[in-house]
Amino acid sequence: MNAAVSTGIFGGFMVFTVVLGLLAVRGQGPEKGQPEGLPGKGGGGRREGGGLTGWSVGGRSLGTVFIWVLMAGESYTSFSYLGAAGWGYNFGAPVLYVLAYMSCGYALGYVVGPMLWAYARRHGLVGITDMIAHRYRAPWLGAAVALLATVCLLPYIQLQITGMGVVVSTISYGAISINWAYFLGFAVTTGFVVISGLRGSAWVSVLKDLLVIGTLGFLAVYVPLHYFDGYGPFLDKIVAEKPQWLTFPGHASGGLGQVWFVTTTLVNSLTVVIFPTTVAGYLGARNAEALRSNALYLPFYNVLLFVPMLLGMAALFVVPGLSGADSNLALFKMVVDSLPAWAVGLVGVAAALSSIVPMAVFMLVIGTMWGRSVLGAIPRLNKGATGAGSGDGGGGATGGRQKLWSQLVVVVAGALALLLTYTAPDTLVRLSLISYEGMAQLVPMLLLGLVWRRLTLHAAVSGLVAGFTLVCVLVFGGHDPVWGMNAGIVGLAVNVAVALAVTWLGPRATDERPDAEVLALDDEFPRDGVPSRDGRVSPPASS
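Here we summarise the structure given alongside this text. Keep in mind that what you see is a predicted model, and the values were worked out from it rather than measured.

1. Things to note about the overall build of the chain
A tally of helices and strands in the chain yields 23 helices and 0 strands. In the chain, of all internal contacts separated by at least 6 residues, the share reaching a separation of at least 24 is 81%. In the structure as shown, the chain presents an accessible area of about 20,000 Å², 68% of it carried by carbon and sulfur atoms.

2. Details of a nonpolar patch on the surface
A contiguous nonpolar patch, built from Met-1, Val-5 and Trp-342 and spanning about 380 Å² of accessible area, is present on the exposed surface. Within the fold, Met-1 resides in the segment before α1 (2–23). Using a relative accessible area of 80% as the deciding quantity, one classes Met-1 as exposed.

3. Considerations on empty space enclosed by the protein
Across all of its chains, the model carries 4 cavities of 30 Å³ or more by this definition. Within this model, the largest cavity holds a volume of roughly 140 Å³. Around the largest cavity, the lining comprises 15 residues; the ones closest to its centre are Met-71, Tyr-106, Thr-278, Tyr-282 and Leu-298. Those elements that provide at least two residues to the lining of the largest cavity are α6 (97–123), α12 (276–283) and α13 (288–302). In the lining of the largest cavity, the residues fall into 10 nonpolar, 4 polar and 1 charged. Lining the second largest cavity we find 13 residues, and of these Val-126, Gly-127, Pro-276, Val-365 and Thr-368 sit closest to its centre. Looking at the lining of the second largest cavity, the elements with two or more residues in it are α12 and α16 (341–374). Taken together, the residues of the lining of the second largest cavity sort by class into 10 nonpolar, 3 polar and no charged.

4. Quick notes on α12
Since the α-helix advances by 3.6 residues per turn, residues separated by three or four positions end up pointing in the same direction. Buried residues dominate α12, accounting for 8 of its 8 residues. Those residues of α12 not exposed but buried are Pro-276, Thr-277, Thr-278, Val-279, Ala-280, Gly-281, Tyr-282 and Leu-283.

5. Let's talk about the side chain of Ser-355
The residue Ser-355 is located in helix α16 in this model. For Ser-355, a relative accessible area of 0% puts it in the buried group.

6. Section: α6
Here α6 spans 36 Å end to end across 27 residues, near enough to the 39 Å set by a 1.5 Å rise per residue. Of all the bends found along α6, the most pronounced is centred on Gly-109 and spans about 50 degrees. Downstream of α6 by a residue or two, Gly-124 has a phi angle that is positive, lying close to 70 degrees.

7. Re unusual backbone geometry
Look at the link from Phe-248 to Pro-249: it is a cis peptide, with omega at 0 degrees. Summarising the element assignment, Pro-249 is placed in the loop between α10 (231–241) and α11 (258–272). Here the residue pair Asp-480 and Pro-481 is connected by a cis peptide bond, since its omega of 5 degrees sits within 30 degrees of zero. On the secondary structure map, Pro-481 appears in the loop between α21 (457–476) and α22 (487–505). Positioned with a positive phi, Tyr-173 is a non-glycine residue whose angle comes to about 55 degrees. Mapped onto the fold, Tyr-173 is located in the loop between α8 (139–171) and α9 (178–228). You can call Tyr-173 partly exposed: its relative accessible area is 31%. In the Ramachandran plot, Trp-483 falls in the positive-phi region, its phi being about 55 degrees despite a non-glycine side chain. Following the sequence through the fold, Trp-483 ends up in the loop between α21 and α22.

8. Notes on the side chain of Asp-209
Residue placement: Asp-209 occurs in helix α9. Asp-209 sits in the buried class, given a relative accessible area of 3%. Side chain to side chain, Asp-209 and Tyr-301 meet in a polar contact 3.3 Å long. Among residues more than four places away in sequence, those in contact with Asp-209 are Trp-68, Val-69, Ala-72 and Tyr-301.

9. Observations concerning the environment of Thr-427
Among the structural elements, Thr-427 can be located in helix α18 (residues 425–432). For Thr-427, a relative accessible area of 42% puts it in the partly exposed group. Along the sequence, Thr-427 and Pro-155 sit 272 residues apart, while their C-alpha atoms lie 8.6 Å from each other.

10. Concerning the environment of Pro-308
Note on placement: Pro-308 falls in helix α14 (residues 306–318). For Pro-308 and Trp-87, which are 221 residues apart along the polypeptide, the C-alpha to C-alpha distance reads 9.6 Å. Excluding anything up to four places from it in sequence, Pro-308 contacts Ser-80, Ala-84, Ala-85, Leu-216 and Leu-331.

11. Structural notes on the layout of surface pockets
Roughly 1,700 Å³ of internal volume is contained in the largest pocket. Residue lining of the largest pocket: 48 residues in total, with Phe-79, Trp-87, Tyr-97, Leu-159 and Ser-432 positioned closest to the centre. Elements with a contribution of two residues or more to the lining of the largest pocket: α4 (78–81), α5 (83–90), α6, α8, α11, α16, α18 and α19 (435–439). For the lining of the largest pocket, the residue count by class is 25 nonpolar, 19 polar and 4 charged.

12. Details of the packing of aromatic side chains
Under the definition given, this model contains 20 aromatic pairs. Between Tyr-97 and Tyr-101, the aromatic rings sit 5.9 Å apart at their centres with planes inclined by 20 degrees, giving stacked as the arrangement. Within this pair, Tyr-97 and its partner Tyr-101 are both found in helix α6, separated by 4 residues, close to a single helical turn. No difference in accessibility class separates Tyr-97 from Tyr-101, as the two residues are buried. An aromatic cluster of three or more residues is present, and its members are Trp-87, Phe-91, Tyr-97, Tyr-101, Tyr-156, Trp-260, Phe-275, Phe-362 and Tyr-436. Above the ring of Tyr-136, the side-chain terminus of Arg-135 is found at 4.5 Å from the ring centroid.

What counts and how
- All residue numbers refer to positions counted from 1 along the written sequence of the respective chain.
- Note on the predicted model: pLDDT of at least 70 is required for a residue's local features to be given, and 80 or more for side-chain atom pairs to be given and counted; whole-chain, interface and lining totals, by contrast, use all residues.
- Each side-chain value is worked out from all heavy atoms of the structure, with water and hydrogens disregarded.
- Starting at the N terminus, helices and strands are each numbered in turn, a helix being any DSSP run of H or I of at least four residues and a strand any DSSP run of E of at least two.
- For this analysis, residues touch if any pair of their heavy atoms sits within 4.5 Å.
- For accessible areas, the Shrake-Rupley method is used with a probe of radius 1.4 Å. Any residue's cover is judged against the shown protein chains and nothing else.
- Surface patches are drawn from residues lacking salt bridges whose relative accessible area is over 30%; two like charges belong together within 9 Å, two nonpolar side chains (Val, Leu, Ile, Met, Phe, Trp, Tyr) within 5 Å.
- A pair is scored as a salt bridge if a Lys or Arg side-chain nitrogen falls within 4 Å of a carboxyl oxygen belonging to Asp or Glu.
- Categorising residues by exposure relies on relative accessible area from a 1.4 Å probe, with only protein chains included: less than 20% of the type maximum marks a residue as buried, more than 50% marks it as exposed, and the intermediate range marks it as partly exposed.
- Cavity and pocket criteria rest on a 1 Å grid covering protein atoms alone: a 1.4 Å probe that fits but cannot get out defines a cavity, protein on both sides within 12 Å along at least 5 of 7 lines defines an open pocket, and an atom within 4 Å of a point defines a lining residue.
- Grid points are joined across faces, edges and corners, and a volume is the space filled by probe spheres set on the points.
- Polar here means any residue outside two lists: the nonpolar Ala, Val, Leu, Ile, Met, Phe, Trp, Tyr, Cys and Pro, and the charged Asp, Glu, Lys and Arg; Gly therefore counts as polar.
- Take the number of residues in a helix, subtract one, and multiply by 1.5 Å to get its expected span.
- Fitting axes to the seven residues ending at a residue and to the seven starting there, one defines the bend at that residue as the angle between these axes.
- Each polar contact in these results corresponds to two N or O atoms within 3.5 Å; when the atoms are within protein, one needs to be able to donate a hydrogen and the other to accept it, and residues that are neighboring in sequence are counted only if both atoms are side-chain atoms.
- Under the pairing criterion, centres of Phe, Tyr and Trp rings, with the six-membered ring standing for Trp, must be within 6.5 Å; the plane angle then separates stacked pairs below 30 degrees from edge-to-face pairs above 60, leaving the rest tilted.
- Only lysine NZ and arginine CZ atoms are considered, and such an atom sits over a ring when it is within 6 Å of the ring centre and within 35 degrees of the ring normal.

None of this, on its own, says anything about what the molecule does.
What follows is the structure in structure tokens.
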């Protein structure tokens, strides 16, 4: 009976999720009576509704609320319910790095988000590979970065598939096998993201966030009261019996001390602001003010991540003796043990949606990168299409063809991750070790390149190759942390040093384009009702 109730609730919400995601497509397209690509109401600039732009970045029309819930999906993935609780259970204090780097990343995003949004909007770009290809006038570099980013992002799709499988199998009391749960996660996500794109993910994020806030808020109160008679006795018990979980380097963490915590917070906060999925959220915004508002509000939401971390430590006393992958189930074993089946189903839905939403954005970003910068850059694959060029905003026949390629790649990327989950899960798990540290090596090429004209193509590529190679050597050689530091920060330091050396000692750039075409300038976007240099005025962020 418990399995039937929880599974029924879960199944109903999955159907509703697909319907909600598909309904979002109705909101796409230019405003009624307004040709695509012309200024919208309020003088806020183009409402790009069709082609690749409408699918991949929601036509750059999402307001504060949709951007907020969409970007919050970066914080609340299956890691929130599984990994965060598992780290709390196994190590303790080091898991707080997640709160630290996300909050610091939001602060950096206050500046970086509007800058990237304005640059992409001005030149009709739809992702970081597009920006890099435009900045350095090197389409081949955009394709190369798309390949590197795919290697770093595919493991995250696999991790979300795995996380959803574990959650669904657990909350269904074993009625749904883990293999069927894997396929369900892939099918539900692909079902709406292929059709409705970023807008569908934003709509589903609203449902996900309502359930996440509700379930984590409830568990934050329920678990300490149910098992310990309140927070006082619970915290007293941790201090008395598990004090090593409350200090660095934690319990059996393998050296994740203060230096690791600081360096990991630094490199991850830099990386998260240029992570392709984060940038997709930036580019979907209606205006720069929506992004600034997000940077202010998102840290408050991030505080909720403390709940599964703390409950993971509570599980030390409730379900002791978990080891290996089972430690990631610490929170759910308490949930299944103490809550009625209908409540277990709701918590499971929240956790499953926390896998589906980020998985959708990962798949969409990979599709966009390949559809635009790889397949979309091959002339014979786009023969007969017109309107090509980085500044067309993804509209016209070219934009339609690139959208088609992107949707196809979404299915292929998701299917590949699903196949590897079944057949060779360790392949992507090993790649996940370099995902964040590897993506960090794009920071100089993108951010430094958009504010410093002297950074040359040769310098940016040399720095990227040096940094990424060093990260791979350190991580796969078992030297992360190195001297107590995150390997990513060591690679990033070498990356910057090489880029600067090649810039100063290597060949000079011969780019004759004006600064407005190359750099992201402060006056590229309107703010607080003040017109930009091309006369645009920003509408209210909440519109």
